[in-house]
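A look at the structure
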Amino acid sequence: MRLGLTAVPVAFFALFFAYPVVAIVGRGLKADGHWQFGRIGTVLSRPDILDVLWFTTWQALASTVLTLLIALPGAYVLARFDFPGKQLLRAVVTVPFVLPTVVVGTAFLALLGRGGFLDELWGVRLDTTVWAILLAHVFFNYAVVVRTVGGLWSQLDPRQEEAARVLGAGRLAAWRRVTLPALAPAVAAAALMVFLFTFTSFGVVQILGGPAYSTLEVEIYRQTAQLLDLPTAAVLTLVQFAAVAGILAVHAWTVRRRETALKLVDPAQTSRPPRGAGQRALLGGVLLTVLLLILLPLGVLVERSLDTSGGYGFGFYRALQSADSNGSTFLVPPLDAIGNSLRYALVATLIALVIGGLAAAALTRRRAGRLVRGFDALLMLPLGVSAVTVGFGFLITLDKPPLDLRTSWILVPLAQALVGVPFVVRTMLPVLRAVDDRLREAAAVLGASPLRAWREVDLPLVRRAVLVAAGFAFAVSLGEFGATVFIARPDNPTLPVAVARLLGRSGELNYGQAMALSTILMLVCAVSLLLLERIRTDRSGEF
């Protein structure tokens with residue numbers, strides 16, 4: 001049964017992930033039918049490539065440390081305090097995580113760039129600086145720390161720390177000796193995920209960094225799409241793959257420690273209203289951080305989408321209804337990208353639910369061996385392996401019958417589903433593991449087939465988790481950019497691709513239309529996230 005459940009996900013990942021990646025790497029490292037591994041040393045010894053590797057690593061480390069420093073107080077507040085609007089605040093801090101990186105870059109461009117909010121207010125510009133990149137990364141990953149660490153923090157029994165204080169330990173000493181060691185696996189897991197997302201950053205760096213800053217992902221795109229230097233792109237893909245595999249291996253170890261080493265309590269037992277001036281000041285500080293870090297960039301994005309040369313209005317939104325309104329290269333009105341994105345995301349969500357649901361079901365079997373546990377790590381690889389490589393790999397591999405899909409609309413949902421599957425698995429897996437095996441065994445004794453037992457036992461218990469998984473898969477599919485930028489047809493652009501095209505052209509109208517499309521995309525993702533909060537259960541995953 002376990003092999004049957006894994007067959008479809010394995011085939012899907014082998015065909016639409018492993019095959020394109022291996023093919024593109026093979027083209028870069030092969031010459032006259034022979035592997036040229038010497039190219040690896042040649043590429044990695046180049047000064048410009050060493051600069052890219054160094055910048056990629058140190059900006060990821062800096063982003064991770066900065067995110068932890070800013071987000072840990074928020075994790076504590078949401079874990080330990082009970083106050084009006086707490087669920088709304090939880091939804092607000094999670095919105096950036098499901099936003100497309102193109103929208104994040106656009107929002108910070110409106111805030112920090114030329115003619116942006118800070119430029120008009122104080123004459124300060126931070127675009128094309130590393131600070132813009134770091135702030136955008138904190139904005140994007142704030143929810144990773146808050147939800148990962150806060151989820152565990154809310155279930156730690158506070159009586160253990162109180163007992164240490166009764167025995168004479170001060171508040172800081174009790175926290176350092178009791179709470180911090182218990183939180184360490186969650187903090188490590190959150191830090192590793194933030195490092196992973198910032199190490200592979202693409203849209204944010206491309207929009208805010210300018211030509212002076214390039215991460216591995218941006219450099220892979222430049223070498224592939226602009227310079228057509230496949231050997232260099234292949235070597236960089238291998239480097240990124242090795243780094244991501246190492247990060248995911250360490251992350252899996254920290255997650256297992258967190259799952260097995262702690263005794264947890266009901267979060268309702270640990271949450272109480274803030275008491276005293278210190279706790280109220282901490283709550284106020286977190287609310288101010290959320291206002292400045294999250295709401296201000298999004299608010300400026302909306303304001304810029306309405307700020308036309310004739311005053312505030314919907315002129316940029318109306319301009320989205322016509323093609324070539326300002327000499328653009330769109331074959332269709334940019335507004336059509338909304339319908340394209342919604343259709344692609346719906347199909348991608350369906351694919352991700354089927355593949356991710358089967359994979360999660362296989363991973364819940366008690367007798368899952370090392371092979372299946374290894375498959376769990378494999379499912380996370382699309383989050384870290386170069387989406388640019390996957391997209392370009394689609395073009396050079398899926399070009400012959402019976403899989404000649406280069407001109408087919410299904411190519412975009414397939415690429416988007418690769419990113420959605422990990423979120424489906426991570427959301428459904430904790431809930432499926434919580435289902436009592438005795439219920440399945442009782443159904444089997446009564447004559448139910450494995451499929452019927454799953455339908456009658458598992459599905460009713462995980463229905464809300466399925467809805468949450470579908471919401472996340474839809475949001476991340478809607479915003480996928482790295483692979484889609486290669487495979488989306490000019491007459492069927494997605495929203496992120498359309499935004500990137502508009503930002504790549506000069507002129508007030510193109511800039512305003514980019515802000516308007518980004519606002520629409522932000523609102524769709526935000527509404528999806530708010531709906532998730534209404535149906536979220538405590539066992540529906542960390543996010």
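Preceding block: the structure.
Values in this document were obtained by computation on a predicted structure and should not be read as measured data.

This brings us to the overall build of the chain. A count of helical and extended segments in the chain gives 23 helices and six strands. Among the 543 residues that make up the chain, the fraction classed as buried is 53%. Nonlocal contacts in the chain, meaning residues at least 24 apart in sequence, comprise 80% of its contacts between residues at least 6 apart. Within the structure as shown, the chain displays about 23,800 Å² of accessible surface, and the carbon and sulfur contribution to it stands at 64%.

Before going further, it helps to spend a moment on the layout of surface pockets. A water-sized probe rolled over the atoms picks out the places where empty space is left. In this model, the second largest pocket occupies a volume close to 780 Å³. Lining the second largest pocket are 31 residues, with L109, I207, L503, G504 and Y511 sitting closest to its centre. Mapped onto the lining of the second largest pocket, the elements with two or more residues apiece are α5 (101–112), α10 (203–208), α22 (495–503) and α23 (508–535). Ranked by the residues each element gives to the lining of the second largest pocket, the list is headed by α22, at five residues. Per-class residue counts for the lining of the second largest pocket are twelve nonpolar, ten polar and nine charged.

Let us look at a nonpolar patch on the surface. Taken together, the side chains of F117, L121, W122 and V124 define a hydrophobic patch exposed on the protein surface, amounting to about 400 Å² of accessible area. Residue position: W122 is located in helix α6 (residues 117–122).

Next up on the list: the nonpolar core. Ranked by internal contacts, the top residues of the largest apolar core, which has 164 residues, are F12, L99, Y142 and F394. With 16 residues, the top contributor of residues to this core is helix α7 (residues 130–153). If sequence neighbours within four positions are ignored, F12 has contacts with F17, I351, I355, L414, A417 and L418.

Residue placement: V138 occurs in helix α7. Here V138 falls in the buried class, since its relative accessible area comes to 0%. Between the alpha carbons of V138 and P96 there is a distance of 9.7 Å; along the sequence they are 42 residues apart. Apart from residues lying up to four places away in sequence, V138 is in contact with S63, L66, T67, I70 and L293.

Even without a glycine there, the phi angle at L228 is positive, about 55°. Examined against the element boundaries, L228 turns out to sit in the loop between α11 (216–226) and α12 (230–260).

Attention now moves to empty space enclosed by the protein. Following the criterion strictly, the structure yields two cavities of 30 Å³ or more and no others. If you add up the space inside the largest cavity, you get close to 590 Å³. As for the largest cavity, its lining consists of 31 residues, of which T101, F140, F197, L383 and V419 are closest to the centre. Those elements giving two or more residues to the lining of the largest cavity turn out to be α4 (86–98), α7, α9 (171–199), α10, α18 (411–434) and α20 (450–479). As a volume, the second largest cavity reaches approximately 70 Å³. Considering the residues around the second largest cavity, the lining is formed by F17, P382, V385, A387, V390, A415, L418, V419, E480 and A483. Among the elements of the structure, α17 (387–397) and α18 are those that each provide at least two residues to the lining of the second largest cavity. With three residues, the top contributor of residues to the lining of the second largest cavity is α18. Among the residues forming the lining of the second largest cavity, the class breakdown is nine nonpolar, no polar and one charged.

Cut-offs applied
- Residues numbered from 1 in each chain as written.
- Predicted model: local features only at pLDDT ≥ 70, side-chain atom pairs only at ≥ 80, totals over all residues.
- Heavy atoms only, no water.
- Helix = DSSP H or I, 4+ residues; strand = E, 2+ residues; numbered from the N terminus.
- Buried < 20%, exposed > 50% of the residue type's maximum accessible area, 1.4 Å probe, protein only.
- Contact = heavy atoms within 4.5 Å.
- Areas by Shrake-Rupley, 256 points an atom, 1.4 Å probe, with all protein chains shown as cover.
- 1 Å grid on protein atoms, 1.4 Å probe; cavity = no way out; pocket = protein on both sides within 12 Å on 5 of 7 lines; lining within 4 Å.
- Points joined across faces, edges and corners; volume = space filled by probe spheres on them.
- Nonpolar A, V, L, I, M, F, W, Y, C, P; charged D, E, K, R; others polar.
- Patch = residues over 30% accessible without salt bridge, like charges linked within 9 Å, V, L, I, M, F, W, Y side chains within 5 Å.
- Salt bridge = Lys/Arg side-chain N within 4 Å of Asp/Glu carboxyl O.
- Core = buried A, V, L, I, M, F, W, Y, C linked by side-chain atoms within 4.5 Å.

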